[in-house]
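Spelled out, the chains give:
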Amino acid sequence: MSTINGKYGRVFNGKSFQDVDPPLSNHDTNNQPQPIPSTVITKDNKSNTIFVSIPQFRDGKRCAQTLHKLYTSATNPDRVYVGLIEQIDSEESTCLQEYCALSGYKMSHHEAGIHKAEKQMDYDNVMNDCPRVHDQIRSVRFHSLGAKGPVYARSFVRKLLGNEEFCMQIDAATDFSQGWDTLAIQQWSKTNNEYAVLSNPPLHTTEKQRKEKNGVMNAEVPRQCSIKIGSEGVPLFGNSADGKAIGLESPLLSTAYSPSFAFAKCHLETTVPHDPFAVQLLETEKFPHFARLFTRGYDIYSPTVNIVYKDNIILHPLHHTAGHGEDGEKKWPKNDNERRDAHVRMKILLNIHHGITSSEVAMLGGGTGAGLAEKITNARANLGVYGLGKRRTLDQLLEFTGISLSSSSEGGEQHGNDGEGCANPKWVAYDASISPKANLYDGLGKANDLDLDPEFPLRTLPDASSKEYDRMSGMSSVVRDGRSMPSVQQKGRSSISTTSQEEVSSDVPYSIIFLLWAIGLCIWYRMYVGGSSISSSRRTRMKRGTTNRQQVRDIPRKPPRPLMERTMLKNV
């Protein structure tokens, strides 16, 4: 039943306005299930630590501006910690270098290819003197040739997340409302839901001045309402919001999720980590990630005011004609085979059978079975923590969003929701005794090639249990490179620190490793095999090398050791 004159707010779903119903807390809740109440470590709302993840692809200048605004707009910048995932070309400046230049610490010009030691010394001095880099900013970077899309980049959060309480996910070109840190925690606390996630498509930065005139925030926020079925059969959210919420009394439950802004407790990152196998995807991964959140007990809310803004208009010069995309924009190297496999992975997660062949399932570790359905069930089991949870079911998700994923062969038709139900979605209860980390594969499939859970080497908290958010003592520590590192305390300065930028590791793309291996193999072949006259000693070495090669093939391959950031800089 709708309220009179929108007392609790109004929602425009792209076609018409509808009043928002009273919040659940206004009803008699004695016999109604409720979300798990939210808990905040520090009640004064001044020292709660916030981890902000920022992936950037060849966009160091705009990323630096985002980093600068992040701190200058915060009420308490000392409690804000950043995880940078940088994908850059060898001749481009990093986000950190550009950020330090904005702060008045700029590197001198160095000619390419010479005076590398001098350049390294200059870099070290800048990083040591630049504010917040040493204590509050962690980064991992790799060459842009190893990039595989935004989801793959965000998966590197696992390397950088410490013991912060709150986590915020944004894009590399973002602006902020004044006092965004206090505002975000206040908005999250209003949900009274430990598994609440504030998320909505941000407004353009050009709207910021109009929405915050004379320091008064306009209570009109973008809200995504419609869900469409894409050409791959996977549900899609729009690139920009098709609706809006006006005058909300409290954050409003939503049926959509935006990767451009998400704010929640940090157990979100360890319970629903970004899928590193969802490579080459941009739009197709949004709804599957939302499905993972929903089935693991997380709920998306639109905030009552705008917390962040997104720069979609003023592009860095590198994103124009100098780029290598179809329209000159910068894009990561495409791989159609990887993209196809990732699409199949998303379909398997959502139990969409049509359009999937048995050979495609076998490539994803589906194993051998009597039929395609059994292979798909096993492949879903293999997803592990990157699959659906057990707190809610896929059918509950479809009912909540008002869409259908059934194919004609299954007695139904796929359809979106056309924005219906956007104003007053109903909270879906679940059994709180089920852990949010419980995987759907239990009892539903035989996991024969299970995806391993990601490791968070800087985080020591037990994170979310089935009932509450357990926190460890401030005396706990992380040991790295033989040194003990303090965990995040209740004060902003006492944080996890990497002690120096060169200690932050970076993964080396497998394509580069393979290229170096191939070059080495060619050199070896010319030295020991090529030519008509090979000495007996060389023949002996050749045979010995062949034997050794065979032995190497029999040894299980290990992942490459990470390179330090200092080493990466030397190769620039």
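Structure: above.
Residues numbered from 1 in each chain as written. Predicted model: local features only at pLDDT ≥ 70, side-chain atom pairs only at ≥ 80, totals over all residues. Heavy atoms only, no water.

K.L.:
Before we move on, could you go through the pattern of salt bridges and cite the residues and values that matter?
P.N.:
Any two side chains of opposite charge can pair, on the condition that their charged atoms come close. Applying the stated criterion to the full structure yields 25 salt bridges. The partner of Lys310 in a salt bridge is Asp171, with the nearest N and O atoms 2.9 Å apart. Remark: Asp171 occurs in the loop between β6 (166–170) and β7 (174–176) and Lys310 occurs in strand β17 (residues 308–310); sequence separation between them is 139 residues. For Lys310, a relative accessible area of 21% puts it in the partly exposed group. When the shortest N-O distance is used, the salt bridge between Arg345 and Asp451 registers 2.6 Å. Of the two residues, Arg345 is situated in helix α10 (residues 336–349) and Asp451 in the loop between α13 (394–401) and β18 (463–464); the sequence distance between them amounts to 106 residues. For Arg345, a relative accessible area of 9% corresponds to the buried category. A residue is classified by how much of its surface remains accessible, and Asp451, at 13% relative accessible area, is buried. What emerges from the salt-bridge pattern is a single network uniting Asp59, Arg62 and Asp311. (Salt bridge = Lys/Arg side-chain N within 4 Å of Asp/Glu carboxyl O. Helix = DSSP H or I, 4+ residues; strand = E, 2+ residues; numbered from the N terminus. Buried < 20%, exposed > 50% of the residue type's maximum accessible area, 1.4 Å probe, protein only.)

K.L.:
Could you give me a rundown of the packing of aromatic side chains, with the residues and numbers involved?
P.N.:
Counted by the stated rule, this structure contains 15 aromatic pairs. Judged by centre distance (5.3 Å) and plane angle (15°), the ring pair of Phe166 and Phe263 falls under stacked. Taken together, the positions of Phe166 in strand β6 and Phe263 in strand β15 (residues 261–265) put the pair 97 residues apart, joining distant regions of the chain. With respect to burial, Phe166 and Phe263 carry one shared label: buried. Among the aromatic residues, those joined into a ring-pair cluster are Phe237, Phe287, Phe290, Phe294 and Phe400. Directly above the aromatic system of Phe166 lies the positively charged group of Lys265, at a separation of 5.9 Å from the ring centroid. (Phe/Tyr/Trp six-rings, centres within 6.5 Å; stacked < 30°, edge-to-face > 60°. Lys NZ or Arg CZ within 6 Å of the ring centre and 35° of its normal.)

K.L.:
An account of the packing of helix α1 (residues 60–72) against helix α2 (residues 95–102) is needed here, citing residue identities and associated values.
P.N.:
The N-to-C vectors of α1 and α2 enclose an angle of 55°; their axes lie 8 Å apart at closest approach. Of the possible angle classes, the one that applies to α1 and α2 is oblique. Judged by the sense of rotation from one axis to the other, the crossing of α1 with α2 is right-handed. The residues of α2 that touch α1, namely those facing Gly60, Lys61, Cys63, Ala64, Gln65, Leu67, His68 and Tyr71, are Cys95, Glu98, Tyr99 and Leu102. (Axes fitted to C-alpha atoms, helices over the stretch in contact; angles between N-to-C directions. Parallel < 35°, antiparallel > 145°, perpendicular 65-115°, else oblique. Left-handed = near helix turned anticlockwise from the far one by under 90°. Contact = heavy atoms within 4.5 Å.)

K.L.:
I'd like to hear about empty space enclosed by the protein, residue by residue, with values.
P.N.:
Going through the model one piece at a time under the given rule, you end up with four cavities of 30 Å³ or more. Taken together, Gln169, Val197, Tyr257, Ala262, Leu268, Glu269, Val272, His274 and His289 form the lining of the largest cavity. Counted by class, the lining of the largest cavity contains five nonpolar, three polar and one charged residues. (1 Å grid on protein atoms, 1.4 Å probe; cavity = no way out; pocket = protein on both sides within 12 Å on 5 of 7 lines; lining within 4 Å. Points joined across faces, edges and corners; volume = space filled by probe spheres on them. Nonpolar A, V, L, I, M, F, W, Y, C, P; charged D, E, K, R; others polar.)

K.L.:
So what's going on with the state of the cysteines? Residues and values would help.
P.N.:
Counted under the stated rule, the structure contains four disulfides. Cys167 shares a disulfide with Cys266; S-S distance 2.1 Å. Between Cys167 and Cys266, the S-S dihedral sits near 105°, and the bridge is therefore right-handed. Remark: Cys266 occurs in the loop between β15 and α8 (267–271) and Cys167 occurs in strand β6; sequence separation between them is 99 residues. By relative accessible area, Cys266 is classed as buried at 0%. Across the protein chain, the way the bonded cysteines pair up, counted in sequence order, is 1-2, 3-4, 5-7, 6-8. (Disulfide = S-S within 2.5 Å.)

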